[in-house]
Amino acid sequence: MPAAAQHRRTRNTRLVRALAAACTGAAVLALPLVGATAASAATTAAPTVGTTPAGYPDNLDGWIRESLAIMAEKNIPGTYNGIHRNIIRESSGNPAAINLWDSNAAKGIPSKGLLQVIDPTFNAYHVAGTSFDIYDPVANITAACNYAADRYGSIDNVFGAY
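What you are looking at is a predicted structure, and each value in this text was computed from that prediction instead of being measured.

Thresholds, definitions, all that
Residues numbered from 1 in each chain as written. Predicted model: local features only at pLDDT ≥ 70, side-chain atom pairs only at ≥ 80, totals over all residues. Heavy atoms only, no water. pLDDT = per-residue confidence, 0-100. Contact = heavy atoms within 4.5 Å. Phe/Tyr/Trp six-rings, centres within 6.5 Å; stacked < 30°, edge-to-face > 60°. Helix = DSSP H or I, 4+ residues; strand = E, 2+ residues; numbered from the N terminus. 1 Å grid on protein atoms, 1.4 Å probe; cavity = no way out; pocket = protein on both sides within 12 Å on 5 of 7 lines; lining within 4 Å. Points joined across faces, edges and corners; volume = space filled by probe spheres on them. Nonpolar A, V, L, I, M, F, W, Y, C, P; charged D, E, K, R; others polar. Patch = residues over 30% accessible without salt bridge, like charges linked within 9 Å, V, L, I, M, F, W, Y side chains within 5 Å. Areas by Shrake-Rupley, 256 points an atom, 1.4 Å probe, with all protein chains shown as cover. Salt bridge = Lys/Arg side-chain N within 4 Å of Asp/Glu carboxyl O. Axes fitted to C-alpha atoms, helices over the stretch in contact; angles between N-to-C directions. Parallel < 35°, antiparallel > 145°, perpendicular 65-115°, else oblique. Left-handed = near helix turned anticlockwise from the far one by under 90°.

Colleague: What is the right way to look at the confidence of the model for the protein chain in this model?
Modeller: Any residue range with low pLDDT should be treated as having predicted coordinates unsuitable for detailed reading. Averaged over all residues, the pLDDT of the protein chain is 82; the fraction at 70 or higher stands at 70%. In the predicted structure, residues 23-44 sits below a pLDDT of 50 and forms zero contacts with residues beyond four places in sequence or in another chain.

Next up, the structure:
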């Protein structure tokens, strides 16, 4: 390349590059200190997860797993994925969800809980050994799966409102 066509660095460009290199070096030196502080704080303040009376985690995963254990004892078909898919569609995982706008609600019997069950269905398909509270996550899942098994063969066969 001819000398006239070569790009010339200005004094400002060199200064900017020097400052960038210095800042990068300082950041690299600071990272181990920041990481060590965060790591030690994480080990001293580990969050605790509550459990259900049956010993499962008191969260969506635990409720589904506990329901599946009860369903296995009672020969109610269903899989984790089928239950989870329907819960997310029906209530987004909120055990206190209640539908106050659909046709059931208009009749005075709103859908409730994780799988949006109405009171008459919950009562008819309640599974022995679970709570009689429709908002209890395990009772709601298990009753809904019992209903879905009777009506559709399994909760796994439900892909819309039921």
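Colleague: I'm lost on the packing of aromatic side chains in this one. Help?
Modeller: We describe a pair of aromatic rings using the distance from one ring centre to the other and the angle between the two ring planes. Taken as a whole and assessed by the stated rule, the structure comprises one aromatic pair. Measuring from ring centre to ring centre gives 5.3 Å for Y125 and Y147, while their planes differ by 75°; the resulting arrangement is edge-to-face. Within this pair, whereas Y125 is found in helix 5 (residues 119-125), its partner Y147 is found in helix 6 (residues 137-152), the two being separated by 22 residues in sequence.

Colleague: Sorry, what's going on with the layout of surface pockets here?
Modeller: Unoccupied space between atoms shows up once a probe the size of one water molecule is rolled over them. Roughly 290 Å³ of internal volume is contained in the largest pocket. Around the largest pocket sit 14 residues that line it, and E90, N104, S111, Q116 and Y162 are the ones nearest its centre. Considered class by class, the residues forming the lining of the largest pocket number seven nonpolar, five polar and two charged.

Colleague: I tried to follow a nonpolar patch on the surface on my own but got confused; where do I start?
Modeller: On the surface, a cluster of nonpolar side chains totalling about 290 Å² of accessible area is made up of I98, L100 and Y135. The topology assignment puts I98 in strand 1 (residues 98-99).

Colleague: How should I be thinking about the packing of helix 2 (residues 60-73) against helix 3 (residues 80-91) in this particular structure?
Modeller: For any two helices packed against each other, one specifies the crossing angle of their axes together with the interaxial distance. Relative orientation of the contacting elements helix 2 and helix 3 amounts to 130°, with a least axis distance of 10 Å. Taken together, the axes of helix 2 and helix 3 lie oblique to each other. Of the two elements, helix 2 crosses helix 3, and the hand of that crossing is right-handed. The segment helix 2 lies against helix 3, with L60, D61, I64, R65, L68 and M71 engaging Y80, I83, H84, I87 and I88.

Colleague: What is the right way to read the packing of helix 2 against helix 6 from this model?
Modeller: Their axes nearest at 9 Å, the elements helix 2 and helix 6 cross at an angle of 50°. Here helix 2 lies oblique to helix 6, going by the angle between them. Of the two possible hands of crossing, helix 2 and helix 6 adopt the one that is right-handed. For the pair formed by helix 2 and helix 6, the contact residues are W63, I64, E66, S67, I70 and M71 on the first element and P137, V138, I141, T142 and C145 on the second. When the residues that make up the contact of helix 2 with helix 6 are grouped by side-chain class, the tally is eight nonpolar, two polar and one charged.

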